[in-house]
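These are the residues of each chain, in order.
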Protein chains: 2
Amino acid sequence: MDPEIVRDPVYQQLNQRLRLLVGREYTFGQQFLTEREIVQRFSVSRATANKALASLVSEGLLEFRKGIGTFVRQPAISYDLRSLVSFTEKARAAGKTPSTLLLTFGKLKAREVEPRIAERLQVTESDLLWELDRVRAVDGIPVILEHRFVVASHCPKLTRSQAEGSLYQAWTQTHQLSIAGADETVRAVLLTPEEAEHLNASVGSPALEVIAVGLLETEIPLWWERTLYRADLYEFHSRLGPVQSAKPLRGQFVTPFQPPSGK
Amino acid sequence: MDPEIVRDPVYQQLNQRLRLLVGREYTFGQQFLTEREIVQRFSVSRATANKALASLVSEGLLEFRKGIGTFVRQPAISYDLRSLVSFTEKARAAGKTPSTLLLTFGKLKAREVEPRIAERLQVTESDLLWELDRVRAVDGIPVILEHRFVVASHCPKLTRSQAEGSLYQAWTQTHQLSIAGADETVRAVLLTPEEAEHLNASVGSPALEVIAVGLLETEIPLWWERTLYRADLYEFHSRLGPVQSAKPLRGQFVTPFQPPSGK
DNA sequence: TGACATCGCGTGGCTTAGCCACTTTAGCAT
DNA sequence: ATGCTAAAGTGGCTAAGCCACGCGATGTCA
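What you see is a predicted model; the values in this text were computed from it and never measured. (Residues numbered from 1 in each chain as written. Chains lettered and ligands numbered in written order. Predicted model: local features only at pLDDT ≥ 70, side-chain atom pairs only at ≥ 80, totals over all residues. Heavy atoms only, no water.)

Trainee: Please clarify how the protein's contact with DNA strand C should be interpreted in this entry.
Mentor: Around DNA strand C sit 22 residues, and of these Gly67 of chain A together with Val10, Tyr11, Ser45 and Thr48 of chain B come closest. What you see for DNA strand C is that sugar and phosphate hold 62% of its atoms within 4 Å of the protein. In this structure, a phosphate oxygen belonging to DNA strand C sits 3.1 Å away from a main-chain N or O atom of Glu35 of chain A. At 2.9 Å from a phosphate oxygen of DNA strand C is found a side-chain nitrogen or oxygen belonging to Ser45 of chain B. Among the secondary structure elements, those contributing two or more residues to the surface near DNA strand C are α2 (35–42), α3 (46–59) and β2 (69–72) of chain A together with α1 (10–24) and α3 (46–59) of chain B. No other element matches the 4 residues that α3 of chain B contributes to the surface near DNA strand C. In terms of residue class, the surface near DNA strand C is built from 8 nonpolar, 8 polar and 6 charged. (Near = heavy atom within 4 Å. Polar contact = N/O pair within 3.5 Å; in protein donor to acceptor, adjacent residues only side chain to side chain. Helix = DSSP H or I, 4+ residues; strand = E, 2+ residues; numbered from the N terminus. Nonpolar A, V, L, I, M, F, W, Y, C, P; charged D, E, K, R; others polar.)

Structure follows, in structure tokens:
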């Protein structure tokens, strides 16, 4: 019996392959492959080709134009993972000097963390996790307090010095990992005395709490984090565009995407 | 199908009708209409039914399960930073009943508002603006306090009853406006006594503050708003990267995260 | 020559008809 | 009771074909 690796639906595989083409062979404004071309090139039915395209349209990558074709859309909503994930790059881009204070750095078994976290990381009790507590500062002023668990099997060689720098860099370069997405939940909270002390803020002052799970390419979780942002020093900025469907948007040139920036 | 003005593709109309059903007739966890049921009920082909469903799956509202059916996914009311959906629709999709308390409704000249607001709206001093203050509630519980200015020239016929309902609907349907995007800035703040009273919350409790500018198709500003979300009842959710389908996503309650002891 | 009407063609939108793989369920055989 | 089998239902996928739409080449007429 072949264990037969779980076979994903064709349109999802097609999805991934097409997504790679966007940005590689096709860039903003260009006409993308037509449904009939996809049929020939990938040996699928037109319905499947359309379903995959529709999915990319729904993601905001492409855009349908009735009677003309499918076009690559302005990446306004583009997965700006780099800037959202990498505090270091974000700070540097803003002309500031980032620094990191590593409070905790160790390895533990998944059974030692809250079940809810282990569940979201899709790990079994015996799996190993890195645990990191860090204070991130900009120009010496503490801005972010983060608590993070990383699935150790994906980056077994994580070093202390890497943990004191940019994790994003360690993942993408040293470990050759490709971060595909992240699930974020943002809330407003009040700082506890301990948290306030780390952030050099007053007790009971507001903060943004972000709980996020970072994902690799096949929806495999890489890390879980709870991050607190000092409300007076940090704000989130996002530019929304229509995602749903085939809004014309024929006039091409739109003002470029403004990446979120710390303040 | 019906003759009528069939300007939009069928699957998009179907999309909207199905989205209304989510939350009305179907809530979290339940099995949704099957493709074959949709075929009978709406007189469309199965391919079209599937396309509409796939779209809702891509939005995160539904979830495909191979060999079983389609299920409702969205457990709680959450503000999806990726999609521009109205509060009304969002609440209904979460299975709640939305209501609105109109505090202020009037028209004023742009010179009467703060210069930085007028600037972001790109209006001259003599232009007219609608001013609205509203408390939005879900199942009778106030969750949102919003302060909004709308450029009156784009929707001169705005009525009081429209202001008490869904502005999004009034814009897109009555005034035939096409909302193309929004610029948002998210912060954490503490509620002032006055704000806390409107939201039926305690003074000094945290809230999410969203300052946004809504844009029409050619980057023309339509409205400016400052909105406060009660932190204990509302969370922002943002999914970066592609949304795949086959995730069970069990559990996922809205219970607030409790920081681990120690530290 | 230039402005305008026409028509062909390729595109996505949509339908019909049908088979497949998967999952649950109910009933049958042991 | 237990375990197996078959049926029924689901989404996944293919095939073939018609339609409305937008564009551009072509042709017409002033």
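After that view, the rundown keeps rolling.
Trainee: Teacher, can you tell me more about α3 of chain A here?
Mentor: Residues that lie three or four places apart on an α-helix share one face, since the helix turns once every 3.6 residues. Residue and element names in this part refer to chain A. Taking 1.5 Å of rise per residue, 14 residues should cover 20 Å, and α3 covers 20 Å from first to last C-alpha, within 8% of that figure. Counted residue by residue, α3 has 11 buried out of 14 residues, so it is predominantly covered. Positive phi appears at Gly60, one or two residues downstream of α3, with a value of about 95°. (Expected span 1.5 Å × (residues − 1). Buried < 20%, exposed > 50% of the residue type's maximum accessible area, 1.4 Å probe, protein only.)

Trainee: How should I be thinking about the confidence of the model for chain A in this particular structure?
Mentor: One rule of thumb: low pLDDT means the predicted coordinates there are not for detailed reading. For chain A, the average pLDDT comes to 80, and 83% of its residues sit at 70 or higher. Note that pLDDT drops below 50 for residues 1–6 of chain A; the model gives that stretch 0 contacts with residues more than four away or on any other chain. (pLDDT = per-residue confidence, 0-100. Contact = heavy atoms within 4.5 Å.)

Trainee: Can you walk me through the pairing of strand β8 (residues 221–230) of chain A in this structure?
Mentor: Along a regular strand, successive side chains alternate from one face of the sheet to the other. Residues and elements named next belong to chain A. Most of β8 sits out of view: 10 of its 10 residues are buried. Bridging between strand β5 (residues 141–151) and β8 involves 7 bridges; their strand directions are antiparallel. Residue Ile144 lies in a different strand from β8, and its bridge partner there is Tyr229. (Pairing = 2+ DSSP bridges.)

Trainee: Sorry, what's going on with helix α7 (residues 167–174) of chain B here?
Mentor: All names here are of chain B. Among all positions of α7, only Leu167, Ala170 and Trp171 are buried. The buried residues of α7 occupy an angular sector of 95° when the element is viewed end-on, so they sit on one face. Following α7 by one or two positions, Gln176 adopts a phi angle in the positive range, close to 55°. (Arc of directions from axis to C-beta.)

Trainee: Whenever I open this one, the protein's contact with DNA strand D confuses me. Can you help?
Mentor: Near DNA strand D there are 25 residues, and of these Val10, Tyr11, Ser45 and Thr48 of chain A together with Arg36 of chain B occur at the shortest range. Asn50 of chain B has a polar side-chain atom sitting 3.3 Å from a phosphate oxygen of DNA strand D. Here a base nitrogen of DNA strand D and a backbone polar atom of Gly67 of chain B are 3.0 Å apart. Taken together, the elements giving at least two residues each to the surface near DNA strand D come down to α1 (10–24) and α3 of chain A together with α2 (35–42), α3 and β2 (69–72) of chain B. Looking at the surface near DNA strand D, the element that brings in the most residues is α3 of chain A, giving 4 residues.

Trainee: I'm lost on the nonpolar core in this one. Help?
Mentor: Residues Leu208 and Phe236 of chain A together with Leu208 and Phe236 of chain B are the most contacted members of the largest nonpolar core, which totals 29 residues. Looking at this core, the elements with two or more residues in it are α5 (87–93), β5, β6 (179–190) and β7 (206–216) of chain A together with α4 (87–93), β6 (141–151), β7 (179–190) and β8 (206–216) of chain B. Setting aside its immediate chain neighbours within four residues, Phe236 of chain A contacts Val186, Leu208, Val210 and Tyr229 of chain A together with Glu184, Thr185 and Val186 of chain B. (Core = buried A, V, L, I, M, F, W, Y, C linked by side-chain atoms within 4.5 Å.)

Trainee: Whenever I open this one, the pairing of strand β1 (residues 62–65) of chain A confuses me. Can you help?
Mentor: Residue and element names in this part refer to chain A. Across 4 bridges, the pairing between β1 and β2 is antiparallel. Pairing of Arg65 across the sheet is with Gly69, part of β2. Where β1 folds back onto β2 in an antiparallel hairpin, the turn is made up of 3 residues, including Gly67, whose phi is positive at roughly 80°.

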